[in-house]
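So you can see what is in the structure, the chains are spelled out below.
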Amino acid sequence: MASCPAPERPLIDPLELRRALGSFPTGISIVTTRDCQGKPRGMTANSFTSVSLEPPLLLVCVGKRASSFPAFGDCNAFAVNILHERQHDISSLFASKAVDKFANIDHDIVRTGAPVLNDCLTWFDCTVHERVDGGDHMVLFGRVEAFGTTALRPLAFCRGRYAELNDSKHLAGIR
C-alpha cells in the first residue's frame, strides 16, 4: 500500500515568529537556582505559567543557549521571582551576560535552597518535578514548596519593551 506524501509545510521566518509571539503581554520573572558548586545562578524569563493546584505545579522555559542552562539542567530546586514595576534594572541585569548577577541583589533561602529575591512582587520556591525537552528550550516543571506575594504592580513586557499595567483597582484587591 502506497503512503501519501506529507503536505509541504510553509517556511516559518524565525524573526517574524518571534515578533508575533512577542505580541502576547507577559510578566517578567527571574528564575534562580544554585550550580553544582553552590553558587547562585539566575536568568530573566517571561515564559512562566501555572500548571496545577493539586499538586501545586508551575513551569518555566529555560533556553539551552543561556549561560546558566547547565545549572538548571542539574538542579533539584529553583525559584521563580516575579518582578514588580520598579525592577527594570533587575530584569536587565539577569538578562545580561554579567558574571556575578547576585553581587548587589538581596536574596534569602526559604525552603529548598534556591535563591529567593527579597524585593520582588511574588516568589515561588520549588523542587524539580520534571524536565521536558522543548526544542531550543527545556521546560522545567516545579512543585511549589513555598511562596509569597505583595500588592505591588507587576513589571510587564510586550513587543520587545516594558509595558505598564494601570488597573490599580483590580491589583489592589490582592489579599
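This one's a predicted model, so the numbers in the text were calculated from it and none came from an experiment.

Draft legend 1. Up close: the environment of L21. Summarising the element assignment, L21 is placed in helix α1 (residues 14-21). By relative accessible area, L21 is classed as exposed at 59%.

Draft legend 2. Examining the pattern of salt bridges more closely. Per the stated rule, a full pass over the model turns up two salt bridges. Note that R19 is salt-bridged to E16, the shortest N-O span being 2.4 Å. Remark: E16 and R19 occur in helix α1; sequence separation between them is three residues, near one turn of the helix. For K64, the salt bridge identified is with D133, shortest N-O distance 2.2 Å. A residue pair is termed long-range when its members are at least 10 positions apart, and K64 in the loop between β5 (57-63) and α2 (69-74) and D133 in strand β9 (residues 122-134) qualify at 69 residues.

Draft legend 3. Summary view of a nonpolar patch on the surface. Among the surface-exposed residues, I12, L17 and L21 lie close enough to one another that they form a single nonpolar patch of about 320 Å² accessible area. Relative to the helices and strands, L17 resides in helix α1. Assessed through its relative accessible area of 41%, L17 is described here as partly exposed.

Draft legend 4. Quick peek at the pairing of strand β2 (residues 29-34). Counting buried positions over the six residues of β2 gives five, a clear majority of the element. Both β2 and strand β3 (residues 40-45) contribute to a ladder of six bridges, which runs antiparallel. Each bridged residue has a counterpart across the sheet, and for T32 the counterpart in β3 is G42. What sits between the antiparallel neighbours β2 and β3 is a turn of five residues, in which G38 has the positive phi angle 85 degrees. By the bridge criterion, four bridges tie β2 to strand β6 (residues 77-82) in an arrangement that is antiparallel.

Draft legend 5. Representation of helix α3 (residues 88-95) within the structure. Buried within α3 are the following residues: I90, S91 and F94. Buried residues in α3, looked at end-on, bunch into an arc of 105 degrees, giving them a common side. Buried residues in α3 make contact with β2, β3, β8 (115-117) and β12 (161-163).

Draft legend 6. The packing of aromatic side chains, seen in detail. Using the criterion set out here, one finds four aromatic pairs in the structure. Ring centres of F94 and F102 lie 5.2 Å apart, and the angle between their planes is 85 degrees; this geometry places the pair in the edge-to-face category. As far as burial versus exposure is concerned, F94 and F102 are alike and both buried. Taken together, the ring pairs connect F48, F124 and F147 into an aromatic cluster.

So, how was this worked out
- Residues numbered from 1 in each chain as written.
- Predicted model: local features only at pLDDT ≥ 70, side-chain atom pairs only at ≥ 80, totals over all residues.
- Heavy atoms only, no water.
- Helix = DSSP H or I, 4+ residues; strand = E, 2+ residues; numbered from the N terminus.
- Buried < 20%, exposed > 50% of the residue type's maximum accessible area, 1.4 Å probe, protein only.
- Salt bridge = Lys/Arg side-chain N within 4 Å of Asp/Glu carboxyl O.
- Patch = residues over 30% accessible without salt bridge, like charges linked within 9 Å, V, L, I, M, F, W, Y side chains within 5 Å.
- Areas by Shrake-Rupley, 256 points an atom, 1.4 Å probe, with all protein chains shown as cover.
- Pairing = 2+ DSSP bridges.
- Arc of directions from axis to C-beta.
- Contact = heavy atoms within 4.5 Å.
- Phe/Tyr/Trp six-rings, centres within 6.5 Å; stacked < 30°, edge-to-face > 60°.

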